[in-house]
Amino acid sequence: MLSAVDLGHSGLGYSGAYGVPPLGFLERGALPDARWVEGPGDGGGAASRRARNKLRVANFVTFQGSPGLWGPASTNAALLAAAEINKRGGILGREIELVFSDAGGPIEGVIHRVSLAVDYDDVDIVMGSHISAVRVALRKAIRGRVPYIYTPVYEGGERTPGVMAIGETPRWQSRPAIDWLAREKKAQRWYLIGSDYVWPWLSHRAVKKYIKDAGGKVVGEEFVPLGEDDHERHLDRIRAAQPDAVLISLIGNDSVTFNRAFAEAGLSRHILRLAGAMDETVLLGIGADNTENLFCASGYFGCHDSAANDAFRDSYRRMFGPTAPPIGSVGQSNYEGLRFLATIAEKAQTLQARSLLQVARNVVYQGGRGEVAIRDGRARMTMHLAEADGLDFKLLRTF
């Protein structure tokens, strides 16, 4: 049986405290072997779960604030992976028991939730799909006591003992996209705008070098507080700088409101946009009329046709139906996280943390993205460059 427990007391279903269905848009009867349990963990601890043949994975997903728009798809992707793995006998014979907790809101509350779970031996694994600022806080609270798998696109360079990051990084995501836009679209003058936290800070540091190496220059840069939805002054500065391209490192709904305003101001007709955390979920929010000259590089696009992605898309539709939240890179990374966990556990033949972490530094696993290789703790995957085409993407190049 697949069970889900909410450690964050955020409410399950449409009337939750944050107004979001944290367990996805499951219709009654769509997952007959699931039971949802509201409230804190049962306090049984890891030894008790082992006796019951359970492996409890705490998935910290954001259900509120700017990144909250990814919550439903992220939850669905994790549920799908867990159901598939459990159907095959679980991980080393132990059934996955998913625990969902909100990674949004005041950071102190998120730290409190993960600390309780780890301090009281209430989870075996922590998995996270949230912004890097939360990752930095959680890794300090967890202190390597349980493995922590971080799944989405991020700035790179994560080397904290106990943390395994498997998402896209600027070297493989942004560099080839910048080179292509410089070569094919003559993008030389770049303006950088990002949310004011660690992922954009460090990503921009790398991007500036890639722009210089491609023969271009940065003509402006700014960081925007999370939750900002008035972008008029940012657009004024972009107009004054006269860039060929704007690199956008805004997160979630902040990217939605900026890109809408950018297009409505008429800037999209003559200025290219390259977005770092852009996927189908964000594109849907931006709207088909506001996506002209918008490009994105990512390890996952729903429109990519391959045996691995065909199987993933078919399973997602069967479980959640044709009106489920669109699945993009950030949400889909939750599926990758559990597939990665299953692979390293099988290779290590143990769920002991030290052995898992050792195996995780050099391993190849198969997910919806196809083959992903972790080499010396760094993830490598096929990267795609796409251009927005209404509410979908059109793939241009594969790197």
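Preceding this paragraph is the structure being described.
Predicted model only: the values in this text are computed from it and were never measured.

> Explain the overall build of the chain here, please?
Looking only at helices and strands, one finds twelve helices and 17 strands in the chain. Counting over 399 residues, the chain shows a buried share of 60%. Long-range contacts, defined as pairs at least 24 residues apart, comprise 69% of the intrachain contacts of the chain with a sequence gap of at least 6. Per element, the accessible surface of the chain, about 15,700 Å² overall, is 49% carbon and sulfur.

> Mind showing me how you'd approach unusual backbone geometry here?
Most peptide bonds take the trans form, and the phi angle of most residues other than glycine is negative. Even without glycine at this site, arginine 143 takes up a positive phi of about 55°. Turning to its location among the elements, arginine 143 is positioned in the loop between helix H4 (132-142) and strand E6 (148-150). Here the phi dihedral of glutamine 242 falls at roughly 55°; this positive angle occurs in a residue that is not glycine. Topologically, glutamine 242 is positioned in the loop between helix H7 (232-241) and strand E10 (245-249). Of the residues examined, glutamine 242 reaches a relative accessible area of 58% and is grouped as exposed.

> Quick question: what am I supposed to make of the sheet that holds strand E13 (residues 362-367) here?
Strand-to-strand pairing in sheets goes through backbone hydrogen bonds, with the strands running parallel or antiparallel. Read from one edge to the other, the open sheet built from three strands follows the order E13-E14-E15, with strand pairing classed as antiparallel. The sheet is open, and its two edges are formed by E13 and strand E15 (378-380), each paired on a single side. On average, each strand axis in the sheet is inclined to that of its neighbour by 20°, with strand direction left out of account. Packing of helix H11 (residues 329-348) onto the sheet brings it into contact with E13 and strand E14 (370-375), and relative to E13 it is tilted by some 130°.

> Before we go on, may I ask you to explain the pattern of salt bridges in this structure?
Two side chains of opposite charge can pair, provided their charged atoms sit close to one another. Scanning the model with the defined rule gives 23 salt bridges in all. In this structure, the salt-bridge partner of arginine 56 is aspartate 122, at a minimum N-O distance of 3.1 Å. With a gap of 66 residues between them, arginine 56 in strand E3 (residues 54-61) and aspartate 122 in the loop between helix H3 (107-119) and strand E5 (125-129) connect regions that are remote in the sequence. Across the pair, aspartate 122 and arginine 56 agree in class, each one buried. A salt bridge links aspartate 376 to arginine 361; the nearest nitrogen and oxygen atoms lie 2.3 Å apart. Taken together, the positions of aspartate 376 in the loop between E14 and E15 and arginine 361 in the loop between helix H12 (353-360) and E13 put the pair 15 residues apart, joining distant regions of the chain.

> Explanation requested: helix H5 (residues 170-184) in the structure shown.
The periodicity of an α-helix, 3.6 residues per turn, causes residues three or four places apart in sequence to face the same way. An ideal rise of 1.5 Å per residue puts 21 Å on 15 residues; H5 measures up with 20 Å between its terminal C-alpha atoms. The complete set of buried residues in H5 reads Pro170, Gln173, Ser174, Pro176, Ala177, Ile178, Trp180, Leu181 and Ala182.

> Explain the pairing of strand E9 (residues 217-224) here, please?
Regular strands place their side chains on alternate faces of the sheet. The sheet contact formed by strand E8 (residues 189-195) and E9 spans seven bridges and is parallel. In the sheet register, arginine 189 faces E9, and the bridge partner there is lysine 217. This β-α-β element, E8 to helix H6 (residues 198-213) to E9, shows right-handed connectivity.

> Sorry, what's going on with the environment of leucine 80 here?
Positionally, leucine 80 belongs in helix H2 (residues 71-87). With a relative accessible area of 2%, leucine 80 lands in the buried category. Not counting the four nearest positions on each side in its chain, leucine 80 is found in contact with Phe312, Ser315, Tyr316, Met319, Phe320 and Tyr335.

> Hey, could you run me through the packing of H2 against helix H10 (residues 307-320) in this one?
The axes of two packed helices give the description: the angle between them and the distance between them. Running from amino to carboxyl end, H2 crosses H10 at an angle of 100°, the nearest separation of the two axes being 10 Å. In this view, H2 runs roughly perpendicular relative to H10, as classed from their interaxial angle. On H10, the residues touching Ala73, Asn76, Ala77, Leu79, Leu80, Ala83 and Glu84 of H2 are Phe312, Ser315, Tyr316, Met319 and Phe320. Taken together, the residues of the contact of H2 with H10 break down into nine nonpolar, two polar and one charged.

Definitions and limits used
- Residues numbered from 1 in each chain as written.
- Predicted model: local features only at pLDDT ≥ 70, side-chain atom pairs only at ≥ 80, totals over all residues.
- Heavy atoms only, no water.
- Helix = DSSP H or I, 4+ residues; strand = E, 2+ residues; numbered from the N terminus.
- Buried < 20%, exposed > 50% of the residue type's maximum accessible area, 1.4 Å probe, protein only.
- Contact = heavy atoms within 4.5 Å.
- Areas by Shrake-Rupley, 256 points an atom, 1.4 Å probe, with all protein chains shown as cover.
- Pairing = 2+ DSSP bridges.
- Axes fitted to C-alpha atoms, helices over the stretch in contact; angles between N-to-C directions.
- Salt bridge = Lys/Arg side-chain N within 4 Å of Asp/Glu carboxyl O.
- Expected span 1.5 Å × (residues − 1).
- Right-handed = clockwise from strand over helix to strand, strands pointing away.
- Parallel < 35°, antiparallel > 145°, perpendicular 65-115°, else oblique.
- Nonpolar A, V, L, I, M, F, W, Y, C, P; charged D, E, K, R; others polar.

All we've got here are geometric facts, nothing functional implied.
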